[in-house]
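As a plain string of letters, each chain reads:
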Amino acid sequence: MFVWSYWKTIFSQPANPSKEFCLAKVEKERYEKEERPESQQEILWRAATSLPMYTRTGAGAIRYCDRCQVIKPDRCHHCSACDMCVLKMDHHCPWVNNCVGFSNYKYFILFLAYSLVYCLFIAATVLQYFIKFWTNELPDTHAKFHVLFLFFVAAMFCISILSLFSYHLWLVGKNRSTIEAFRAPVFRTGSDKNGFSLGFRKNIAQVFGDQKKYWLLPIFTSQGDGLTFLTRLVNTADVEQATVTLQPDPSKSADDGPVSPVSPVSESQNRLLSNDQHANNIAEHQANNTLKPADSETITISMESES
């Protein structure tokens, strides 16, 4: 299992953004010709209207990779070592010479787990000979130095792997990557380190899948496609607004019919609210940039006259 997990971690190709996140040929030429960042962002905003993205840059702009010439999906980052954008990138691991991301994150955690078990097994089996070494009960041969070296190497690797394994288990429970742990993702309402957290059980299922019988096997069972991720409502005002819309109209009398009970916002409704927020955000951004000051004054005057 240790070798299998290590093999899968090394030779699993990092997942890349699909073609739908690439700019069209005409838009790409316009983007390259534009010199003003504002005009370039307008092109990206129009291209991102149909894309399921909720994260932004620190300045609130669309996340775009000039190197790969692709709009970055949520939790996607560019790896300078691999020279590509990797879906749900966690980090680039020099020990496996590969990027750890959506396609092999489960294999990497299993590799750490079985490495820890392997080091514990070696340290436990050599411990008795290590004790005899210090009590001078071992024969005076060169083998005793091999026992000493093997125990110290197993113990040191055990301690280092245990700390790394514990840290990644904590990340899985929080549904974060290493990059997101150091730099929180930015949503429309600002940065939120728990923006992708769905609860402990669902966070575990995001990486290991729903069927527990496959959790300890290095086979791909992670949920999703790496391009879109469920997000929790980062703005409590959206929940209040959704609750208000579900409230019955007090002006209606009881004779109009029975009033349906108010139900709490479900997970699917949360996802729909997030989609509506994304569409409204893009529409507001385009409207603010296309609306001139003179037009805004005309609208204000007309509304006052009608009132």
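Only a predicted model underlies this, so the values are computations on that prediction, with no experimental measurement involved. Positions within a chain are numbered from 1, following the residues in the order the chain's sequence is written. Totals for whole chains, interfaces and linings use every residue, but because this is a predicted model, local features are given only for residues with pLDDT of at least 70 and side-chain atom pairs only at 80 or more, for both listing and counting. Each side-chain value is worked out from all heavy atoms of the structure, with water and hydrogens disregarded.

Student: Mind showing me how you'd approach the overall build of the protein chain here?
Tutor: Helix and strand definitions follow DSSP, with helices as H or I runs of at least four residues and strands as E runs of at least two, each counted in order from the N terminus. Helix and strand content of the protein chain: 10 helices and 8 strands. Burial classification: accessible surface area is computed with a 1.4 Å probe over protein chains only, and a residue below 20% of its type maximum counts as buried, one above 50% as exposed, and the rest as partly exposed. Buried positions account for 38% of the 307 residues belonging to the protein chain. We call two residues in contact whenever any of their non-hydrogen atoms come within 4.5 Å of each other. Across the protein chain, the fraction of contacts at a sequence separation of at least 24, relative to all contacts at a separation of at least 6, is 59%. For the protein chain, the exposed area adds up to about 18700 Å²; of that, 60% sits on carbon and sulfur atoms. Computed with the Shrake-Rupley method and a 1.4 Å probe, the accessible areas treat only the protein chains shown as cover for residues.

Student: Any chance you could explain the nonpolar core here in plain terms?
Tutor: Soluble globular proteins: nonpolar side chains tend toward being buried together. Put simply, buried Ala, Val, Leu, Ile, Met, Phe, Trp, Tyr and Cys residues joined by side-chain atoms within 4.5 Å make one nonpolar core. Residues Tyr105, Ile109, Val172 and Phe208 are the most contacted members of the largest nonpolar core, which totals 21 residues. For this core, the secondary-structure elements that each account for two or more residues are helix 4 (105–134), helix 5 (143–174) and helix 7 (200–208). Element by element, the count of residues in this core is highest for helix 4, at 10 residues. Every residue in contact with Phe208, bar those within four places of it in the chain, is listed here: Lys106, Ile109, Leu110, Val172, Trp215 and Thr221. The next biggest cluster of nonpolar side chains, apart from the first, holds 20 residues, and it includes Ile43, Leu87, Phe102 and Leu227.

Student: Honestly, the packing of helix 5 against helix 7 in this entry has me stumped. Any pointers?
Tutor: Packed helix pairs are characterised by how far apart their axes lie and by the angle those axes make with each other. All axes here are fitted lines through C-alpha atoms, helices being fitted over the stretch that makes contact, and every angle between N-to-C directions spans 0 to 180 degrees. Contact geometry for helix 5 and helix 7: axes closest at 7 Å, N-to-C directions at 110 degrees. Regarding the angle of helix 5 to helix 7, the classification is roughly perpendicular. Judged by residue contacts, Val172, Gly173 and Lys174 of helix 5 engage Phe200, Asn203, Ile204, Val207 and Phe208 from helix 7. By the convention adopted, Pro, Cys, Tyr, Trp, Phe, Met, Ile, Leu, Val and Ala count as nonpolar, Lys, Arg, Asp and Glu as charged, and the other residues, Gly among them, as polar. Of the residues assigned to the contact of helix 5 with helix 7, the class counts are 5 nonpolar, 2 polar and 1 charged. Here the angle decides the label: under 35 degrees means roughly parallel, over 145 means roughly antiparallel, 65 to 115 means roughly perpendicular, and every other value means oblique.

Student: What is the right way to look at the packing of aromatic side chains in this model?
Tutor: Both the distance between ring centres and the angle between the ring planes are used here to describe each pair of aromatic rings. Two rings from Phe, Tyr or Trp (for Trp, the six-membered ring) form a pair when their centres are within 6.5 Å of each other. A pair whose planes differ by under 30 degrees is stacked, one over 60 is edge-to-face, and the rest are tilted. Tallying each qualifying case throughout the model produces 14 aromatic pairs. With a centroid separation of 4.2 Å and 15 degrees between ring planes, the pair formed by Phe130 and Phe151 is classed as stacked. Of this pair, Phe130 sits in helix 4 while Phe151 sits in helix 5; the two residues are 21 residues apart in sequence, bridging distant segments of the chain. Grouping residues by exposure puts Phe130 and Phe151 together as buried.

Student: It is not clear to me how the pattern of salt bridges should be interpreted in this structure. Could you clarify?
Tutor: Side-chain pairing between opposite charges can occur once the charged atoms of the two side chains come close. A pair is scored as a salt bridge if a Lys or Arg side-chain nitrogen falls within 4 Å of a carboxyl oxygen belonging to Asp or Glu. For the coordinates displayed, the defined rule picks out 2 salt bridges. Glu180 serves as the salt-bridge partner of Arg75, at 2.8 Å between the closest nitrogen and oxygen. Placement of Arg75 in the loop between strand 2 (70–71) and strand 3 (77–79) and of Glu180 in helix 6 (residues 178–182) is noted, with a sequence separation of 105 residues between them. Residue classification places Arg75 among the buried positions, given a relative accessible area of 3%. Relative accessible area serves as the criterion here: at 5%, Glu180 is assigned to the buried category.

Student: In this structure, what is going on with a nonpolar patch on the surface? I would like to understand it.
Tutor: Judged by side-chain polarity, Phe2, Val3, Tyr118 and Phe121 come together as a nonpolar surface patch covering roughly 420 Å² of accessible area. Elements with a contribution of two residues or more to the nonpolar patch: helix 1 (2–11) and helix 4. Position of Phe121 among the secondary structure elements: in helix 4. Exposure above 30% relative accessible area and the absence of a salt bridge qualify a residue for a patch, where like charges join within 9 Å and nonpolar side chains (Val, Leu, Ile, Met, Phe, Trp, Tyr) within 5 Å.

Student: Would you mind going over unusual backbone geometry with me for this structure?
Tutor: Glycine aside, the phi torsion of most residues is negative, and most peptide linkages are trans. Positive phi, normally seen in glycine, also occurs at Asp83, with a value near 60 degrees. Here Asp83 shows up in the loop between strand 3 and strand 4 (84–86). Among the residues examined, Asp83 registers a relative accessible area of 39% and is labelled partly exposed.

Student: Help me out: how do you make sense of the environment of Ile179 in this one?
Tutor: Residue position: Ile179 is located in helix 6. Classification of Ile179 as buried rests on a relative accessible area of 18%. For the pair Ile179 and Lys88, spaced 91 residues apart in sequence, the C-alpha separation works out to 9.4 Å. The contact partners of Ile179, leaving out residues within four places of it in the chain, are His77, Met89 and Asp90.

Student: How do you make sense of helix 7 when you look at a structure like this?
Tutor: Note that an α-helix has 3.6 residues per turn; residues three or four places apart therefore point the same way. Listed in full, the buried residues belonging to helix 7 are Asn203, Ile204, Ala205, Gln206, Val207 and Phe208. On its buried face, helix 7 is in contact with helix 4 and helix 5. Positioned one or two residues after helix 7, Gly209 has a phi angle of 95 degrees, which is positive.

Student: Even after reading the chapter, I still don't get helix 5, so can you show me in this structure?
Tutor: For helix 5, spanning 32 residues, the distance from its first C-alpha to its last is 46 Å, which sits close to the expected 46 Å at 1.5 Å a residue. Buried within helix 5 are the following residues: Lys144, Val147, Leu148, Phe151, Ala154, Cys158, Ile161, Phe165, His168, Leu171, Val172 and Gly173. At the C-terminal side of helix 5, Asn175 shows a positive phi close to 55 degrees. Here a helix's expected span is defined as the number of its residues, less one, multiplied by 1.5 Å.

Student: Would you mind going over the packing of helix 1 against helix 4 with me for this structure?
Tutor: Across the interface, helix 1 lies against helix 4 with an axial gap of 8 Å and an inter-helix angle of 150 degrees. Between helix 1 and helix 4, the interaxial angle falls into the category roughly antiparallel. Between helix 1 and helix 4 lies a crossing whose hand is left-handed. Residues Phe2, Ser5, Tyr6, Lys8 and Thr9 of helix 1 touch helix 4, and the partners they reach there are Tyr107, Phe108, Leu110, Phe111, Tyr114 and Ser115. Each crossing gets its hand from how the near helix is turned against the far one by less than a right angle, where anticlockwise is left-handed and clockwise is right-handed.

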